[in-house]
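So the chains spell out like this:
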Amino acid sequence: TLLDIWYRTVGGNSTLLLNIPPDRRGLFHETDVQRLREMGEYIQRTFAENLAENAVITADRDDGYHLTEALKTDSYDDYYKPFDGENQVVLTVNLGETKRISHVVIKEHIPMSQRIEAFTIEVRDTEGRYYEVFSGTTVGYKKIAKFDAVLTDEVRIKIIDSRVCPVLSFVGLYR
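Just so you know, the residues in each chain are numbered from 1, in the order the chain's sequence is written. For a predicted model such as this one, the threshold for reporting local features is a pLDDT of at least 70, and the threshold for listing and counting side-chain atom pairs is 80 or more; totals across whole chains, interfaces and linings nevertheless cover every residue. Computation of side-chain values covers all heavy atoms of the structure but excludes hydrogens and water.

(A) Highlighting the overall build of the protein. Numbering of helices and strands runs from the N terminus; a helix is a DSSP stretch of H or I covering at least four residues, while a strand is a stretch of E covering at least two. In terms of regular secondary structure, the protein is built from two helices and six strands. The C-alpha extent of the protein, read off along each of the three principal axes, is 60 × 35 × 25 Å. Burial status follows relative accessibility: with a 1.4 Å probe on protein chains alone, a residue under 20% of its type maximum counts as buried, one over 50% as exposed, and anything between as partly exposed. Counting all 175 residues of the protein, 44% fall into the buried class. In short, Shrake-Rupley with a 1.4 Å probe defines the accessible areas, and a residue's cover is counted only from the protein chains shown. When the accessible surface of the protein is split by element, carbon and sulfur atoms take 48% of a total near 9,600 Å². Positive: Lys, Arg. Negative: Asp, Glu. His and the chain ends are not part of the count. The location of each charge is read from NZ of Lys, CZ of Arg, CG of Asp or CD of Glu. Computing the positive centroid from 22 side-chain charges and the negative centroid from 28, the protein places the two 5 Å apart.

(B) Region of the structure containing the nonpolar core. Among buried residues, those of type Ala, Val, Leu, Ile, Met, Phe, Trp, Tyr and Cys that are joined through side-chain atoms within 4.5 Å constitute a nonpolar core. Counting 29 residues, the largest nonpolar core has Val93, Ile121, Ile157 and Leu173 as its most contacted members. Counting residues per element, the ones that place at least two in this core are β2 (89–108), β3 (116–124), β4 (130–136), β5 (143–162) and β6 (168–174). For this core, the element with the highest residue contribution is β2, accounting for seven residues. Leu2, Met39, Val105 and Ile144 belong to the second largest nonpolar core, which has 12 residues in total.

(C) Representation of the environment of glutamate 41 within the structure. Among the secondary structure elements, glutamate 41 is positioned in helix α2 (residues 30–46). Considering only alpha carbons, one finds glutamate 41 and valine 90, 49 residues apart in sequence, at a separation of 33 Å.

(D) Geometry of the environment of threonine 31. Among the structural elements, threonine 31 can be located in helix α2. Classification of threonine 31 by relative accessible area gives partly exposed; the value is 40%. Spatially, the C-alpha atom of threonine 31 lies 25 Å from that of alanine 48, the residues being 17 residues apart in sequence.

(E) Up close: the packing of aromatic side chains. A pair of aromatic rings is counted whenever rings of Phe, Tyr or Trp (Trp by its six-membered ring) have centres within 6.5 Å, and the orientation is called stacked for planes under 30 degrees apart, edge-to-face for over 60 and tilted otherwise. Considering all chains together, one arrives at five aromatic pairs under this definition. A ring pair is formed by tryptophan 6 and tyrosine 7, whose centres lie 5.2 Å apart and whose planes are at 75°; its orientation type is edge-to-face. Summarising the burial analysis for this pair, tryptophan 6 and tyrosine 7 share the class buried. Where tryptophan 6 meets phenylalanine 47, the ring centres are 5.7 Å apart and the plane angle is 55°; that geometry is what we call tilted. With a gap of 41 residues between them, tryptophan 6 in helix α1 (residues 2–9) and phenylalanine 47 in the loop between α2 and β1 (56–59) connect regions that are remote in the sequence. Here tryptophan 6 falls in the buried class, since its relative accessible area comes to 8%. Through successive ring pairs, a cluster of aromatic residues spans Trp6, Tyr7, Tyr42, Phe47 and Tyr174. Either the NZ atom of lysine or the CZ atom of arginine qualifies as a charge over a ring when it sits within 6 Å of the ring centre and within 35 degrees of the ring normal. One cation-aromatic arrangement involves lysine 107 over phenylalanine 170; the distance from NZ or CZ to the ring centre is 5.9 Å. Taking the ring centre of tyrosine 130 as reference, the NZ or CZ of arginine 156 above it sits at 3.5 Å.

(F) Region of the structure containing the side chain of histidine 109. Here histidine 109 is to be found in the loop between β2 and β3. Residue classification places histidine 109 among the buried positions, given a relative accessible area of 4%. Should any heavy atoms of two residues lie within 4.5 Å, those residues are considered in contact. With sequence-adjacent residues up to four places away left out, histidine 109 is seen in contact with Tyr76, Asp78, Tyr79, Val167, Leu168 and Ser169.

Listed below in structure tokens is the structure:
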């Protein structure tokens with residue numbers, strides 16, 4: 001389905017090629033138009049509110065100049081990074097209260113190259129224990145981590161391996 005191609009492309013560090021040709025009338029078929037409309041509505045509904053926008057984002061290390069506050073902007077004007085030579089980092093997103101999430105979006109600061117090679121996402125349960133909900137390899141321009149919805153007040157993103165120090169431009173949490 002279109003949503004599978006969107007998560008696998010846009011959500012997997014690529015661009016979306018719809019590949020929907022016009023019919024013999026020179027128009028898009030009504031069924032294709034309806035599916036595109038449904039996909040657009042789903043995307044708008046799912047990513048309408050970034051729960052990380054009002055959260056407290058911290059890191060176990062930074063370089064003192066490129067701080068975690070930059071991760072809320074979704075802009076390449078600013079970014080977060082640890083000191084050069086530090087290839088692992090743990091980011092913590094504290095929501096302040098329990099919320100339902102099922103998607104985490106991570107973006108690398110692509111002007112400085114794709115660097116991340118392995119990461120995990122963990123959530124904290126009501127007992128204060130963390131458990132893994134997603135693991136991945138490359139992030140690149142954008143990685144959308146989709147998992148079964150969980151209730152949590154805190155999310156940890158662990159960059160386990162990076163070619164050189166990871167440089168991130170955005171982190172978002174969504175229902």
